[in-house]
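Okay, here's what each chain looks like letter by letter:
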Amino acid sequence: MKRLFCLMLSLFLFQCSAFTAFAVDNVLQNQAVNGGVINQNIVFVDLKTDHWAYEAISDLSKKGYINGYEDETFKPDNSITREEFAKLIATTFYLDIPTPKSPSYYDVQADKWSYPYVEAAKDFLTGYYPPGGKAFFSPEIKATREDVAVALVKTLGLTTNDLSNKNILERKFKDVSKVSYGIRDYVAIATERSLISGYEDATFRPDKPITRAEIATLLYRAIKTSAKDQGDGPLLKVSVPEKTTSSTVYISGTVSNNAKVTINGQAVTTIIDGQFKEAFKLDKEGSYELTIIATLTSGKAETVFKKITYELEGPDLKVDDIPEITSSQTISVSGTVTDKNDSYPVVYLNDEKISGSSYFSKNNIVLNEGENVLVFKAKNHMDKVTTVTKRITFTAGGPILKVDEIPDTTNSQTISVSGTVTDKNDSYPVVYLNDEKISGSSHFSKNNIVLTEGENILVFKAKNSADKVTTVTKRITFTSGGPILKVDEIPDTTNSQTISVSGTVTDKNDSYPVVYLNDEKISGSSYFSKNNIVLTEGENILVFKAKNNLDKVTTVTKRITFTAGGPILKVDQLPEKTSSPKISVSGTVTDKNDSYPVVYLNDERIGGSSYFSKNDIPLKSGENTFVFKAVNNLGKSSTVTKSVYYQK
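Next up on the list: the sheet that holds strand E18 (residues 400–403). If you trace the three strands from one edge of the open sheet to the other, you get E18-E20-E23, paired in antiparallel fashion. Of all strands in the sheet, those bounded by a partner on one side alone are E18 and strand E23 (443–450). This sheet shows a mean twist of 20 degrees between the axes of neighbouring strands, independent of strand direction. Direction of pairing for strand E20 (residues 414–422) relative to E23: antiparallel, over a ladder of six bridges. For glycine 419, the partnering residue across the bridge sits in E23 and is phenylalanine 444.

Spelled out as structure tokens, the structure:
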């Protein structure tokens with residue numbers, strides 16, 4: 001059984017940060033390991049008391065058999081590889097470490113670090129032998145539960161002949177078909193001897209990688225099982241807190257079956273499956289020596305000495321949450337205080353008494369700029385003190401300044417601004433606009449701010465009573481632009497020599513912009529007009545300009561083509577034939593641009609007004625041609641030709 005114990009220890013002698021290599025002659029001795037002091041209160045941050053392997057891991061770690069990682073974790077679910085497990089077997093059992101020239105497995109060559117250990121352990125942790133192929137070991141895959149089960153059985157010197165219940169796997173596990181066929185008897189022996197067990201769902205999970213927690217449990221079980229056969233005494237492991245604040249402390253532990261346990265001579269009455277938990281009464285504050293003895297029926301005994309300190313604690317002081325940083329100069333604090341031995345512990349804040357009951361509070365605590373240290377002390381009638389220190393940094397900060405929306409650009413020369421200002425520590429912060437005070441209350445405004453052409457910078461400052469300043473900068477670009485000039489419709493062409501024009505002009509920054517037509521001022525108000533504008537023959541360009549008091553100009557250009565044309569000449573009806581030797585003619589002539597156009601008949605002037613006539617015009621025999629021409633003062637003419645046939 002000593003060999004079994006060495007085997008189980010070997011599972012923790014792996015050369016990684018999780019295991020410590022050492023040789024132990026008697027695992028039941030509460031002794032130092034490698035010259036160190038055993039830590040009886042090892043706590044792993046990732047291992048809770050309700051973990052299924054907690055007892056095994058906790059007990060073995062307290063004895064110094066296993067270690068955790070540097071970050072105070074145990075990582076119970078971590079696994080190891082087959083080559084790492086091979087090294088465990090080889091080094092633990094002091095196997096000859098061979099270096100054969102020809103490797104047994106093609107995937108573990110002589111230059112691999114694990115080569116000698118794999119060769120040494122090949123009788124316990126075998127490889128794989130495919131038909132007609134080269135044997136391989138798969139050194140870097142995880143060691144499985146069936147690997148460990150077989151190794152445990154073989155290292156104990158057990159064979160398949162030692163199996164009593166050949167149906168144990170089928171009876172206990174529903175996934176027995178997953179166990180490799182050639183090693184099922186070894187797995188059955190390990191199960192029968194309680195070297196390894198299954199899961200709650202009645203599975204064995206043979207191909208599942210073995211975890212650190214499972215290995216710890218296997219070792220723990222083996223130690224308990226083998227303790228009764230060891231010659232140095234029974235197994236005894238005891239857990240006692242080093243310090244307690246309660247007058248009753250519980251002493252728990254693990255002991256070999258059939259062993260009796262006493263604590264300071266008093267028998268432990270209840271031991272179930274090698275586990276015990278006994279209450280021990282402490283009378284007063286101080287240190288107590290505990291002697292725990294486990295005795296077998298053979299008389300062999302194991303003794304463990306423990307020391308526990310009983311010290312009453314101070315009140316339970318809880319301070320409600322206080323922010324680390326605040327911009328308020330005053331704060332309120334509160335909390336609760338309870339004490340098992342005092343119904344009215346007293347609470348102090350920075351040595352000032354603030355309460356004598358279970359609930360305490362203090363309002364309007366004035367803070368200094370920067371860090372403030374608040375020391376809460378609770379003291380009971382036995383002068384036991386509990387202290388809670390809080391730190392809060394007061395950064396007064398400036399007021400909260402909000403400026404209402406201001407456009408980025410405008411064409412208005414004046415604007416209005418407004419906004420709000422608040423301050424936790426000042427009810428009336430003062431607001432300045434470009435260093436001019438505009439307010440001393442929560443709402444501020446200023447109207448008719450005159451802008452200059454281009455970018456204007458508006459700097460708003462709010463200042464509180466502690467001289468803390470908040471600044472908001474706004475920029476607005478004033479582009480005044482010219483007036484809005486609208487010219488009423490003008491035709492593209494006309495045959496009238498004179499026209500009239502009109503329109504409107506407005507400006508945000510000038511009520512009376514001036515309008516010019518071809519540089520002649522025609523208006524100084526919002527409506528403008530000009531009549532009897534004389535056109536010249538052909539295209540006429542009319543340039544309208546509106547100018548405001550900022551000398552901004554808007555221009556509208558119109559073009560109109562004047563085509564004068566001749567007069568409208570109408571000759572009254574003449575007969576085509578006549579037997580009369582004389583004839584009279586008459587008609588009308590009009591012209592838009594001339595009230596008195598001149599009318600000619602065969603180049604003889606016969607009229608200079610709108611109506612013309614000529615009487616007793618002699619006719620000659622045959623065809624007589626009459627050419628009427630009307631000419632206006634622009635030299636434009638119109639011609640009408642008539643013919644009369646005279647026959648006697």
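There's more to say after this.
All chains considered together, the criterion is met by 11 aromatic pairs. Pairing phenylalanine 360 with phenylalanine 376 gives two aromatic rings, centres 6.2 Å apart and planes at 40 degrees, and the pair type is tilted. Here phenylalanine 360, found in strand E15 (residues 359–366), pairs with phenylalanine 376, found in strand E16 (residues 370–379); they are 16 residues apart in sequence, far enough to count as distant. Neither residue differs from the other here; phenylalanine 360 and phenylalanine 376 are each classed as buried. The rings of Tyr105, Tyr129 and Phe137 are connected pair by pair, giving a single aromatic cluster. Sitting over the face of the ring of phenylalanine 137, arginine 82 holds its NZ or CZ atom 4.3 Å from the ring centroid. Across the ring face of phenylalanine 204, the terminal group of arginine 145 is positioned such that the distance to the ring centre comes to 4.7 Å.

As a further point, take the nonpolar core. Ranked by internal contacts, the top residues of the largest apolar core, which has 39 residues, are Ile80, Phe85, Ile89, Phe137, Val153, Leu169 and Val187. At the level of secondary structure, the elements contributing two or more residues to this core comprise helix H3 (82–92), helix H4 (115–120), helix H5 (145–155), helix H6 (168–172), helix H7 (184–192) and helix H8 (212–226). Per-element tally for this core: the top contributor is H5, with six residues. Residues Val238, Val240, Val268 and Leu296 belong to the second largest nonpolar core, which totals 22 residues.

Applying the stated criterion across every chain, the model contains 24 salt bridges. Lysine 552 serves as the salt-bridge partner of glutamate 453, at 3.5 Å between the closest nitrogen and oxygen. Here lysine 552 lies in the loop between strand E32 (538–547) and strand E33 (553–562) and glutamate 453 lies in the loop between E23 and strand E24 (454–463), a separation of 99 residues in the sequence. Across the pair arginine 559 and glutamate 539 runs a salt bridge, and its minimum N-O distance is 3.7 Å. Residue arginine 559 is located in strand E33, and its partner glutamate 539 is located in strand E32; the two are separated by 20 residues in the primary sequence. In the salt-bridge network here, residues are joined through shared partners; they are Glu83, Lys112 and Glu140.

This part is about H7. Considered for burial, the residues of H7 that qualify are Tyr186, Val187, Ala188, Ile189, Ala190 and Thr191. Among the structural elements, H5 and H6 are those in contact with the buried residues of H7.

With that settled, consider unusual backbone geometry. Within the chain, serine 138 stands out as a residue other than glycine whose phi angle is a positive 55 degrees. Structurally, the position occupied by serine 138 is in the loop between H4 and H5. A relative accessible area of 17% means that serine 138 is categorised as buried. Positive phi, close to 65 degrees, is recorded for aspartate 467, a residue that is not glycine. Mapping aspartate 467 onto the fold places it in the loop between E24 and strand E25 (469–478).

Looking at the secondary structure, you find serine 114 in the loop between H3 and H4. Since its relative accessible area comes to 0%, serine 114 is described here as buried. Dropping the residues within four chain positions of it, serine 114 is found in contact with Glu83 and Val108.

In this section: the packing of H5 against H7. The contact between H5 and H7 brings their axes to 8 Å, and the two run at 75 degrees. Considering the angle they form, H5 stands roughly perpendicular to H7. In this structure, H5 contributes Glu146, Ala149, Val150, Val153 and Lys154 to the contact, and H7 contributes Tyr186, Val187, Ile189 and Ala190. Here the residues of the contact of H5 with H7 are counted per class, giving seven nonpolar, no polar and two charged.

Procedures and definitions
Residues numbered from 1 in each chain as written. Predicted model: local features only at pLDDT ≥ 70, side-chain atom pairs only at ≥ 80, totals over all residues. Heavy atoms only, no water. Pairing = 2+ DSSP bridges. Helix = DSSP H or I, 4+ residues; strand = E, 2+ residues; numbered from the N terminus. Axes fitted to C-alpha atoms, helices over the stretch in contact; angles between N-to-C directions. Phe/Tyr/Trp six-rings, centres within 6.5 Å; stacked < 30°, edge-to-face > 60°. Buried < 20%, exposed > 50% of the residue type's maximum accessible area, 1.4 Å probe, protein only. Lys NZ or Arg CZ within 6 Å of the ring centre and 35° of its normal. Core = buried A, V, L, I, M, F, W, Y, C linked by side-chain atoms within 4.5 Å. Salt bridge = Lys/Arg side-chain N within 4 Å of Asp/Glu carboxyl O. Contact = heavy atoms within 4.5 Å. Parallel < 35°, antiparallel > 145°, perpendicular 65-115°, else oblique. Nonpolar A, V, L, I, M, F, W, Y, C, P; charged D, E, K, R; others polar.

This is a description of form; function is not addressed.
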